[in-house]
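Understanding the architecture of this molecule
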Amino acid sequence: MTGGSEWQGRVGRAWADEWRRTDRSFAALNPHLLGAIAAQPGTRLVDIGCGAGTLSIALAQARPDAQVTGIDISADLIAMASERVAQLGTPRVRFRHGDAGEWANPQGQDSGGLADLLVSRHGVMFFADPPRAFRHLAAQCAPGARLVFSCFRDRAANGWADLFDAVLPPAPAAAAPEGAFPAGPFAFADPDHARRCLAGWADITFTPVDFRYVAGAGDDPVADAIGFFTRIGPAAARLAALAGNDLHAAPDAMAEVLTPHCHDGVVSLPAAAWVVTAISDHADCANPLV
Ligand SMILES: C[S@@+](CC[C@H](N)C(=O)[O-])C[C@H]1O[C@@H](n2cnc3c(N)ncnc32)[C@H](O)[C@@H]1O
């Protein structure tokens, strides 16, 4: 379970430091997500859980008539996204730090006009109360606004997720409060559950995308992948709980697991995602177009 508090702390810091390698891991998914977004109308875009800003930047570059607002709960990631935009000089992108499920956009003041296209690359599976968050987001948008996001499918179809089960002991799991919504990378894997979470949205579609999740490349792809998994993903939490000899032995054990997945100078694992689309059916929009 990865919730907002973890993203605000250790996990968000690691993603800010590692944005180049996390971007690389999602690179083969991008054309599918960008293609689905390109098929939708909209000029006031909001990127939910924008992280280090890659999707926001790509969309501002692809849509010359669009204003893009990226929102993220991690201050470290918003700082990194802002730094990247300043360096690139990308126009029409702004970033906001906060919980997207609480985002206030009275009369469209925070999105340069009423938001009409919400997007996300894997940033929507961490809300404490998803139906409340999605209903609230719909209320911040223009009537008929579109939603396009990606999220992981079944854990079993994502070979990177349980890669180190046999060699690293499980991290101690924090007990979730009874009745809590599951939050984390696989929280929207089940379309029926995801549909129940998407309150305020209709015409929901799920398109499966299989892609290669690149974990290591360069001069020593296996060492690169060990460095990546030491910071990002389920192995990072397992390693953080290790000490002494177990911690010392971990890189060799990880290398043994990763080496069979290294081909043509790249360590890659199977990954499976949904690209989800929906249209706001929020009848009682808090921001009526006037
Ligand atoms: C898997 S990362 C994806 C980041 C980014 N979209 C990308 O593709 O690189 C999930 C992101 O969602 C953000 N996040 C989690 N809960 C959030 C919330 N309630 N509101 C806004 N952002 C949130 C995290 O801080 C993190 O940046």
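For the structure, see preceding data.
From a predicted model like this one, the values you see are computed outputs, not experimental measurements. (Residues numbered from 1 in each chain as written. Predicted model: local features only at pLDDT ≥ 70, side-chain atom pairs only at ≥ 80, totals over all residues. Heavy atoms only, no water.)

**A closer look at the pattern of salt bridges**
Under the defined criterion, the tally for this structure stands at 11 salt bridges. Between Asp210 and Arg153 there is a salt bridge, and its shortest N-O distance comes to 3.0 Å. Of the two residues, Asp210 is situated in strand β6 (residues 201-216) and Arg153 in the loop between β5 (141-152) and α8 (191-197); the sequence distance between them amounts to 57 residues. Owing to a relative accessible area of 15%, Arg153 belongs among the buried residues under this scheme. (Salt bridge = Lys/Arg side-chain N within 4 Å of Asp/Glu carboxyl O. Helix = DSSP H or I, 4+ residues; strand = E, 2+ residues; numbered from the N terminus. Buried < 20%, exposed > 50% of the residue type's maximum accessible area, 1.4 Å probe, protein only.)

**Some details on helix α3 (residues 19-26)**
In terms of burial, α3 is largely enclosed, as 6 of its 8 residues are buried. Three or more residues of α3 are buried, namely Trp19, Arg21, Thr22, Asp23, Ser25 and Phe26.

**Side note on helix α4 (residues 30-38)**
For α4, the full list of buried residues reads Asn30, Leu33, Ala36 and Ile37. The buried residues of α4 occupy one face: seen down the axis, they fall within an arc of 140°. Opposite its buried face, α4 presents the exposed residues Pro31 and Ala38, each directed more than 90 degrees away. Of the surrounding elements, those touching the buried residues of α4 are α3, α5 (54-62), β4 (115-121), β5 and β8 (266-280). (Arc of directions from axis to C-beta. Contact = heavy atoms within 4.5 Å.)

**Considering the nonpolar core**
In terms of nonpolar packing, the biggest core is built from 52 residues, with Ile37, Trp160, Phe164, Leu168, Phe229, Met254 and Leu258 touching the most fellow members. With residues up to four places along the chain from it excluded, the contact list for Phe164 reads Phe229, Ala235, Arg238, Met254, Val257 and Leu258. Val124, Ala145, Cys151 and Trp201 belong to the second-largest nonpolar core, a separate cluster that totals 33 residues. (Core = buried A, V, L, I, M, F, W, Y, C linked by side-chain atoms within 4.5 Å.)

**Notes on the pairing of β4**
With 6 of 7 residues buried, β4 lies mostly within the body of the structure. Alignment of β4 against β5, held across 6 bridges, turns out to be parallel. The residue bridging Val119 from the neighbouring strand is Val148, located in β5. Regarding topology, helix α7 (residues 130-139) serves as the crossover connection from β4 to the parallel β5, and that connection is right-handed. (Pairing = 2+ DSSP bridges. Right-handed = clockwise from strand over helix to strand, strands pointing away.)

**Digging into the environment of Pro177**
Examined against the element boundaries, Pro177 turns out to sit in the loop between β5 and α8. On the basis of relative accessibility, which here comes to 56%, the residue Pro177 falls in the exposed class. Between the C-alpha atoms of Pro177 and Val11, which are 166 residues apart in sequence, the distance is 21 Å.

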